[in-house]
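# Observations on chain architecture
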Amino acid sequence: MSTPTARKHTALPKAQTLIEALPWLTRHRGKTVVIKFGGNAMVDEELKAAFAQDVVFLHHAGLKPVVVHGGGPQISRALDRHGIVSEFKAGLRVTTEDAMDVVRMVLAGQVQRELVGLLNQHGPLAVGLTGEDAHTITATKHRPRIEGELVDIGRVGQITEIDTGAIEALLADGRIPVVSSIARSQDDHHVYNVNADTAAAALAAALDAETLMVLTDVEGLYEDWPDSDEVISRLTAQELEKLLPELASGMVPKMEGCLHAVRNGVETARVIDGRVQHSILLEIFTDEGIGTMVVPDQDDSTTDAKGES
């Protein structure tokens with residue numbers, strides 16, 4: 001039988017961990033955090049469960065998390081089952097009319113429902129919506145420029161307007177909004193597939209969020225990939241803008257999203273390794289943040305290593 005002294009010693013590290021989180025809890029309480037859910041965290045069962053725990057923890061710690069998700073792996077599998085070839089240009093999925101039907105079905109009917117279910121295992125918290133609902137995300141047709149030419153990639157949208165009314169109402173009611181990256185069309189009755197990184201960044205800016213967090217399958221933005229695996233821990237918007245032309249196509253929407261966010265009122269944008277369990281809590285509540293953090297240019301001399309003033 002353990003003595004009271006032994007029990008105290010066993011519990012002490014837990015208490016110390018909680019106390020270490022206190023400054024971060026105080027700093028972030030009441031702030032909106034937009035989290036883009038993606039990468040391996042979307043398909044690994046343990047990582048999905050850990051992600052849901054992290055988001056619910058943020059909620060109960062007094063933050064206001066908003067989750068935005070895509071569904072790349074799930075969409076690719078569904079397209080395969082329907083005999084539709086997956087094709088990407090400029091880091092974006094080419095989306096035909098037939099493919100758009102599948103994208104809409106997978107995002108709103110599968111990925112969103114699973115994520116809402118995981119969050120709601122911890123209480124009646126999460127509410128799912130798409131960018132179509134309450135005109136949350138409006139878009140027009142996006143034609144990326146590839147080798148100097150504008151290219152038609154189908155029903156892929158470029159965001160033109162964000163209406164945060166529905167999300168703000170849910171946050172005020174103590175809910176966790178889970179937003180699928182589908183947009184209503186500005187000029188016809190169709191819908192658009194919107195890159196989830198871009199959607200998360202636009203929502204973060206419109207919500208005046210404190211932080212945008214983008215989960216990905218790498219440690220962060222590498223210094224000199226593939227010659228080096230050294231991760232850039234922090235850079236300013238101007239520094240990021242200079243690096244954009246050199247980035248791999250898959251990282252471009254993520255880092256463009258981070259750049260848009262910090263240039264439109266978001267205090268920090270972070271690309272973090274979603275393969276690490278509880279990476280969100282490590283990033284928010286400790287000094288041992290992981291990944292790459294982007295800060296506004298004007299904050300360059302007034303932020304510490306974690307980007308906190």
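Residues numbered from 1 in each chain as written. Predicted model: local features only at pLDDT ≥ 70, side-chain atom pairs only at ≥ 80, totals over all residues. Heavy atoms only, no water.

### Examining the overall build of the chain
Heads up, the condition is: Runs of H or I in DSSP of at least four residues are treated as helices and runs of E of at least two as strands, each being numbered from the N terminus. Accessible area is worked out with a 1.4 Å probe on protein chains only. A residue is then buried under 20% of its type maximum, exposed over 50%, and partly exposed in between. Note on contacts: a residue pair is in contact if any heavy atoms of the two residues lie within 4.5 Å. Where accessible areas are quoted, they stem from the Shrake-Rupley method and a 1.4 Å probe; at the residue level, only the protein chains shown are allowed to cover.
A tally of helices and strands in the chain yields 9 helices and 16 strands. Across the 309 residues that make up the chain, the buried fraction comes to 50%. Within the chain, counting contacts between residues at least 6 apart in sequence, those at least 24 apart form 72% of the total. In the form shown here, the chain has an accessible surface area of approximately 14,700 Å², with 50% of it arising from carbon and sulfur atoms.

### Considering the packing of helix α3 (residues 72-81) against helix α4 (residues 97-119)
We apply this condition: A fitted line through C-alpha atoms serves as each axis, taken over the contacting stretch for helices, and the angle formed by two N-to-C directions is quoted from 0 to 180°. Between 65 and 115 degrees an angle is taken as roughly perpendicular, under 35 as roughly parallel, over 145 as roughly antiparallel, and anywhere else as oblique. Helix crossings get a hand from a simple test, with the near helix turned counterclockwise from the far one by less than a right angle marking a left-handed crossing and a clockwise turn marking a right-handed one. As a working rule, the residues Ala, Val, Leu, Ile, Met, Phe, Trp, Tyr, Cys and Pro are called nonpolar, Asp, Glu, Lys and Arg charged, and the rest polar, with Gly in that last group.
The geometry of α3 relative to α4 is characterised by a closest axis approach of 9 Å and an angle of 130° between their N-to-C directions. Between α3 and α4, the crossing angle belongs to the class labelled oblique. The element α3 and its partner α4 pack so that their crossing is right-handed. For the pair α3 and α4, the contacting residues are Q74, I75, A78 and L79 in the first and A99, V102, V103, V106, L107, Q110 and V111 in the second. Residue composition of the contact of α3 with α4, grouped by class: 9 nonpolar, 2 polar and no charged.

### Here we look at the sheet that holds strand β12 (residues 191-193)
Which entries qualify depends on this criterion: Think of it this way: DSSP has to see at least two bridges between two strands before they count as a pair.
If you trace the 4 strands from one edge of the open sheet to the other, you get β9-β6-β11-β12, paired in mixed fashion. With one partner strand each, in any of the chains shown, β9 (157-162) and β12 form the two edges of the open sheet. Averaged over all adjacent pairs, the angle separating strand axes in this sheet is 50°, with direction ignored. Across the sheet, α4 touches β11 (182-185) and β12, and the angle it forms with β12 is around 80°. Running at roughly 15° to β9, helix α6 (residues 196-206) makes contact with β6 (137-141) and β9 of the sheet.

### Topic: the sheet that holds strand β1 (residues 32-37)
Spatially, the 8 strands line up as an open sheet ordered β5-β10-β2-β1-β13-β15-β16-β14, and their pairing is mixed. In this open sheet, the two edge strands, each paired with only one partner strand, are β5 (126-130) and β14 (234-236). Ignoring strand direction, the axes of neighbouring strands in this sheet form an average angle of 20°. Strand direction decides the pairing type here: strand β13 (residues 211-216) and strand β15 (residues 268-273), joined by 6 bridges, are parallel. Among the inter-strand pairings, L212 is bridged to a residue of β15, identified as A269. Helix-sheet contacts for α4 involve β1, β2 (64-69), β5 and β10 (176-180), and the interaxial angle to β5 is about 165°. Packing of helix α8 (residues 252-262) onto the sheet brings it into contact with β1, β13, β15 and β16 (292-295), and relative to β13 it is tilted by some 175°.

### A few points about the side chain of T95
Checked against the element boundaries, T95 lands in the loop between β4 (92-93) and α4. T95 sits in the buried class, given a relative accessible area of 1%. Here T95 is in contact with M100, V103, I153, G154, R155, V156 and N193, once residues within four sequence places are set aside.

### Details of the pattern of salt bridges
Applied cut-off: What makes a salt bridge here is a side-chain nitrogen of Lys or Arg within 4 Å of a carboxyl oxygen of Asp or Glu, nothing more.
For the structure on display, the rule yields 15 salt bridges. Between E45 and K48 there is a salt bridge, and its shortest N-O distance comes to 3.1 Å. Of the two residues, E45 and K48 both sit in helix α2 (residues 45-60), 3 residues apart, roughly one turn of that helix. For D197, the salt bridge is made with K254, and the minimal N-O distance between the two is 3.3 Å. Here D197 is found in helix α6, whereas its partner K254 is found in helix α8, with 57 residues between them in sequence. Both residues of the pair, D197 and K254, count as buried. One network of salt bridges, in which partners are shared, links K36, D197 and K254.

### Things to note about the layout of surface pockets
Condition: The way it works is a 1 Å grid over only the protein atoms, where trapped points that fit a 1.4 Å probe form a cavity and open points with protein on both sides within 12 Å along at least five of seven lines form a pocket, and then any residue with an atom within 4 Å of a point lines it. Grid points are joined across faces, edges and corners, and a volume is the space filled by probe spheres set on the points.
Volume-wise, the largest pocket comes out at about 640 Å³. For the largest pocket, the lining is made up of 30 residues, of which K36, G72, N195, D197 and K254 are closest to its centre. Of all elements in the fold, only β1, α3, β4, α4, α6, β13 and α8 reach the threshold of two or more residues within the lining of the largest pocket. It is α3 that contributes the most residues to the lining of the largest pocket, 3 residues altogether. Taken together, the residues that form the lining of the largest pocket break down as 14 nonpolar, 11 polar and 5 charged. In this model, the second largest pocket occupies a volume close to 470 Å³. Around the second largest pocket sit 20 residues that line it, and H142, Q158, N195, T198 and E256 are the ones nearest its centre. Those elements that place two or more of their residues in the lining of the second largest pocket are β9, α6 and α8.

Nothing here speaks to function; it is all geometry.
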